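Summary of the model geometry
Next come the chains, spelled out residue by residue.
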Amino acid sequence: MSYIQDVILQFQRIPAALERHSFCIDLGSSTTRILFDEKVIFEEPTCVALHKESASIVAIGQAAAELQGKSPQSIDVNFPIRRGSIADFSAAQHFLRGVFRTHQSFHASQGVFEFLPKNIQVAISPSATSIQKDFSKRLFKHAGFSDVTLLNKNTAILHQIRRSTHRSPLICSVDIGGMTTEICVFSQDQPVTERTIHVGGEDFTKEIIRVIRKQHSCEIGWQTAEKIKAALGRVPESNQDTRL
């Protein structure tokens, strides 16, 4: 019996009313977010570092991402989700196992339960094929969840927008992910058109590295390029342009 399955069995001791809580996960190419009752309780890179021989988990999330380009040959740093799809099923399982093991016991002060629920909602791209949807369901069922519901990511974004004071009947959402960008236009809360572009934040990071190498004859690492991207991508408070 896997560790996650054992946790799920323990969850049966929790009051049944607890199962009515919302538990949702967005497993992105770059970042994974876990929400409990619409509150983000985990937001870190979708990355896992594994020992090549034993396949044991060395690090997950931000700690694993920081090993990129610095780890010894005995450690494999893996981003299991590529272009919105599960590229490495085994590594994705290890990532989820590491996330749930590390964050199994959330702080009671945050209003989050100790054990994992049986049901989970998974945000997925509207352009996902039936095979990709099946892989996503299999992944979370292998992790121990008995009921996996797939949610249209754009619909989830619209729900978040509607929670704000925005009341416009026409909305365009642009979700820039790690390797894909999801664009959706809503009219009267109904999707009019949806499009997935296979360009995302990682492409911007690579371009920053390339431009600095070409124009300044300087080689920078991935983490430095990520910081530059974050600074340039931040919405300025004034109308002034942000320059590198």
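Residues numbered from 1 in each chain as written. Predicted model: local features only at pLDDT ≥ 70, side-chain atom pairs only at ≥ 80, totals over all residues. Heavy atoms only, no water.

**Here's the deal with the pattern of salt bridges**
Filter applied, for reference: By definition, a salt bridge exists where a carboxyl oxygen of Asp or Glu is found within 4 Å of a side-chain nitrogen of Lys or Arg. For the purposes of this entry, the term helix denotes a DSSP run of H or I that reaches at least four residues, the term strand denotes a run of E that reaches at least two, and both are numbered from the N terminus. Per-residue accessibility, obtained with a 1.4 Å probe over protein chains only, is compared with the maximum for each type, and a residue is labelled buried under 20%, exposed over 50%, and partly exposed between these values.
Evaluation of the coordinates by the stated rule reveals seven salt bridges. In this structure, Glu-207 engages Arg-210 in a salt bridge whose closest nitrogen and oxygen atoms are separated by 2.6 Å. Linking Glu-207 with Arg-210, this pair stays in helix H6 (residues 201-216), spanning three residues, or about one helical turn. Taking relative accessible area as the criterion, Arg-210 reaches 37% and is therefore assigned partly exposed. For Lys-229, the salt bridge identified is with Glu-226, shortest N-O distance 2.9 Å. Placement of the pair is Lys-229 and Glu-226 together in helix H7 (residues 222-233), with a separation of three residues, close to one helical turn.

**So, the pairing of strand E4 (residues 48-51)**
The condition that has to hold: Pairing between strands requires that DSSP locate at least two bridges from one strand to the other.
Bridging between E4 and strand E5 (residues 57-60) involves three bridges; their strand directions are antiparallel. Each bridged residue has a counterpart across the sheet, and for Ala-49 the counterpart in E5 is Ala-59. Turn length for the E4-E5 hairpin, with the two strands adjacent in sequence and antiparallel, is five residues, and the turn residue Ala-55 shows positive phi of about 60 degrees.

**Looking at the nonpolar core**
Quick note on the threshold: Only buried Ala, Val, Leu, Ile, Met, Phe, Trp, Tyr and Cys residues count toward a nonpolar core, and they belong to the same one when joined by side-chain atoms within 4.5 Å. Only heavy atoms enter the contact rule, under which two residues are in contact if any of them lie within 4.5 Å.
By size, the foremost hydrophobic cluster in this structure holds 26 residues, and its most contacted members are Leu-96 and Phe-140. Contributions of two or more residues to this core are made by strand E1 (23-27), strand E2 (31-36), strand E3 (39-45), E4, helix H3 (89-102), strand E9 (119-124) and helix H4 (130-142). The biggest single contributor to this core is H3, with seven residues. If near-sequence neighbours (up to four positions away) are discounted, Phe-140 is found in contact with Ile-25, Leu-27, Leu-96, Ile-120, Val-122, Phe-145 and Val-148. Core analysis: the second largest hydrophobic core is formed by eight residues, Cys-47, Ala-49, Ala-64 and Val-77 among them.

**Details of the sheet that holds strand E12 (residues 181-187)**
Put simply, the rule is: Axis geometry follows a simple rule: fit a line to the C-alpha atoms, using only the stretch in contact for helices, then measure angles between N-to-C directions, giving values from 0 to 180 degrees.
Spatially, the three strands line up as an open sheet ordered E11-E12-E13, and their pairing is antiparallel. Since the sheet does not close on itself, it has two edges, and those belong to strand E11 (170-176) and strand E13 (190-197), each with one partner. Here the strands of the sheet are splayed against their neighbours by 10 degrees on average, with no regard to which way each runs. Strand direction decides the pairing type here: E11 and E12, joined by seven bridges, are antiparallel. Across the sheet, residue Ile-171 finds its bridge partner in E12, namely Phe-186.

**With respect to the confidence of the model for the chain**
Heads up, the rule is: What pLDDT conveys is the predictor's confidence in a given residue, as a value from 0 to 100.
Mean pLDDT over the chain stands at 80; residues scoring 70 or higher make up 79%. When the elements of the chain are averaged for pLDDT, helix H1 (residues 3-11) gives the smallest value, 46, and E4 the largest, 94. In this model residues 7-18 is a low-confidence stretch, pLDDT under 50, and it forms 19 contacts with partners more than four residues away in sequence or in other chains. Here residues 105-114 is a poorly scored stretch, pLDDT under 50, and it has 14 contacts once near neighbours within four places are set aside; other chains count.

**Describing the packing of H6 against H7**
How we decide: Between 65 and 115 degrees an angle is taken as roughly perpendicular, under 35 as roughly parallel, over 145 as roughly antiparallel, and anywhere else as oblique. Note that Gly is not counted as nonpolar here; it falls among the polar residues with everything else outside the nonpolar set of Ala, Val, Leu, Ile, Met, Phe, Trp, Tyr, Cys and Pro and the charged set of Asp, Glu, Lys and Arg.
Between H6 and H7, the shortest axis-to-axis distance is 9 Å and the interhelical angle comes to 105 degrees. Considering the angle they form, H6 stands roughly perpendicular to H7. Residues Gly-201, Glu-202, Phe-204, Thr-205, Lys-206, Ile-208, Ile-209 and Ile-212 of H6 touch H7, and the partners they reach there are Trp-222, Ala-225, Glu-226, Ile-228 and Lys-229. A per-class count over the contact of H6 with H7 returns seven nonpolar, two polar and four charged.

**Topic: H4**
Each turn of an α-helix holds 3.6 residues, which means side chains three or four residues apart point in the same direction. The condition that has to hold: Multiplying one less than the number of residues by 1.5 Å gives the expected span of a helix. Here the arc refers to the directions that run from the helix axis out to each C-beta atom.
With 13 residues, H4 should cover 18 Å at 1.5 Å per step; its first-to-last C-alpha distance of 18 Å lies within 8% of that length. Within H4, the full set of buried residues consists of Ser-136, Leu-139 and Phe-140. Down the axis of H4, the buried set is contained in an arc of 85 degrees. They therefore lie on one face. Exposed residues pointing more than 90 degrees away from the buried face of H4 are listed as Ser-130 and Ile-131. Following H4 by one or two positions, Gly-144 has its phi on the positive side, about 115 degrees.

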